[in-house]
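# Analysis of the macromolecular model
Here are the chains, one letter per residue:
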Amino acid sequence: MTYDLGPIHSIINAATHLDVAFVPGGDDPFPTIIPMIGQMGSYEFPSNGIDEPLDCYIHGYVSARMMNMARAAGDKGLPLCISATHVDGLVLSLSPFSHSYNYRSVVLHGYGVPVTDEDEKNYAMKLITDGVVAKRWDNSRTPPTAGEFQSTTILRVKIVAGSGKVRDGEVSDEKQDIDSMEVKEKVWSGIVPVWQTFGEPVPSSTNMMKEVPAYLKEYVSKVTEENKKHAYAAMKLPAP
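Everything numeric in this text was worked out from a predicted model, so none of it was measured. (Residues numbered from 1 in each chain as written. Predicted model: local features only at pLDDT ≥ 70, side-chain atom pairs only at ≥ 80, totals over all residues. Heavy atoms only, no water.)

### Looking at the overall build of the protein chain
Regarding its fold elements, the protein chain presents seven helices and eight strands. A principal-axis box enclosing the C-alpha atoms of the protein chain has dimensions of 70 × 55 × 35 Å. Across the 240 residues of the protein chain, 38% fall into the buried class. Summarising the internal contacts of the protein chain: among those between residues at least 6 apart in sequence, 72% fall at separations of at least 24. Here the protein chain displays about 14300 Å² of accessible surface, and carbon together with sulfur accounts for 56% of that area. Computing the positive centroid from 22 side-chain charges and the negative centroid from 30, the protein chain places the two 3 Å apart. (Helix = DSSP H or I, 4+ residues; strand = E, 2+ residues; numbered from the N terminus. Buried < 20%, exposed > 50% of the residue type's maximum accessible area, 1.4 Å probe, protein only. Contact = heavy atoms within 4.5 Å. Areas by Shrake-Rupley, 256 points an atom, 1.4 Å probe, with all protein chains shown as cover. Lys, Arg positive; Asp, Glu negative; His and termini not counted. Charge placed at Lys NZ, Arg CZ, Asp CG, Glu CD.)

This is how it looks when you write it as structure tokens:
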């Protein structure tokens, strides 16, 4: 377990999507979980680093149920649970009961309030967009149109509690299995490293640029390599 802000915020920011849960209430007894994109940041304290208190910004369609409930909640905000997980390896032990993953995960609890200030909304949109692909905001058609602004709600989630959980290292076998030559000679044990790989960018049917921009090539290569390094670091090994 970890409660350090730096690792927790980094796990959130590196996730390609976040699972956001809320309780709809009324006649629906089940919690609702929605995959969303989001980033940690602070409009109020822009100089705050990754290891300092940050809010989580997420966005969605203006008339979505979560957004309507957040508006109805007023200044108190809508209670939300946000989670993210990265799998870095399949840990295959001698016994299936000792199997595991190498992974990094985070769970955050907080209250989501709609952002109404135009400057903060722009800040959050840029933050989220660049969280998908670094430098993408400045390399796309901006600023947003009035219609785009009106159709999108940004929630600033004030985090009140959170924790991270990380599993790395070797397989963990039972002593009876380690001591058994019969078991070790017939069962392969070890770790299958896992990392998310970004492929070669494919142009759209309306694309007019002849080459993939340098910032996009750099991002695809850099993030794929970083993901690979995480997978091997979880095994306490250098990436090949």
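### Description of the packing of aromatic side chains
Taken as a whole and judged by the stated rule, the model has four aromatic pairs. Each ring, one from Tyr57 and one from Tyr123, has its centre 5.7 Å from the other, and the planes form 75°; the classification is edge-to-face. Note that Tyr57 is positioned in strand S4 (residues 55–61) and Tyr123 in helix H3 (residues 118–132), a separation of 66 residues in sequence. Geometrically, the ring pair formed by Trp195 and Tyr232 is tilted, given 6.0 Å between the ring centres and 50° between the ring planes. Pair noted here: Trp195 is in the loop between strand S8 (190–193) and helix H7 (214–234) and Tyr232 is in helix H7, with a separation of 37 residues, a long-range link. (Phe/Tyr/Trp six-rings, centres within 6.5 Å; stacked < 30°, edge-to-face > 60°.)

### Comments concerning a nonpolar patch on the surface
Taken together, the side chains of Val87, Leu90, Tyr101 and Val192 define a hydrophobic patch exposed on the protein surface, amounting to about 290 Å² of accessible area. Considering the arrangement of structural elements, one finds Tyr101 in strand S6 (residues 100–114). (Patch = residues over 30% accessible without salt bridge, like charges linked within 9 Å, V, L, I, M, F, W, Y side chains within 5 Å. Salt bridge = Lys/Arg side-chain N within 4 Å of Asp/Glu carboxyl O.)

### Quick look at the state of the cysteines
Within the structure shown, the criterion is met by zero disulfides. Cys81 provides the cysteine sulfur closest to Cys56, a residue in no disulfide bond, and the two sulfurs are 11 Å apart. For Cys56, a relative accessible area of 0% gives the class buried. Among the residues examined, Cys81 registers a relative accessible area of 25% and is labelled partly exposed. (Disulfide = S-S within 2.5 Å.)

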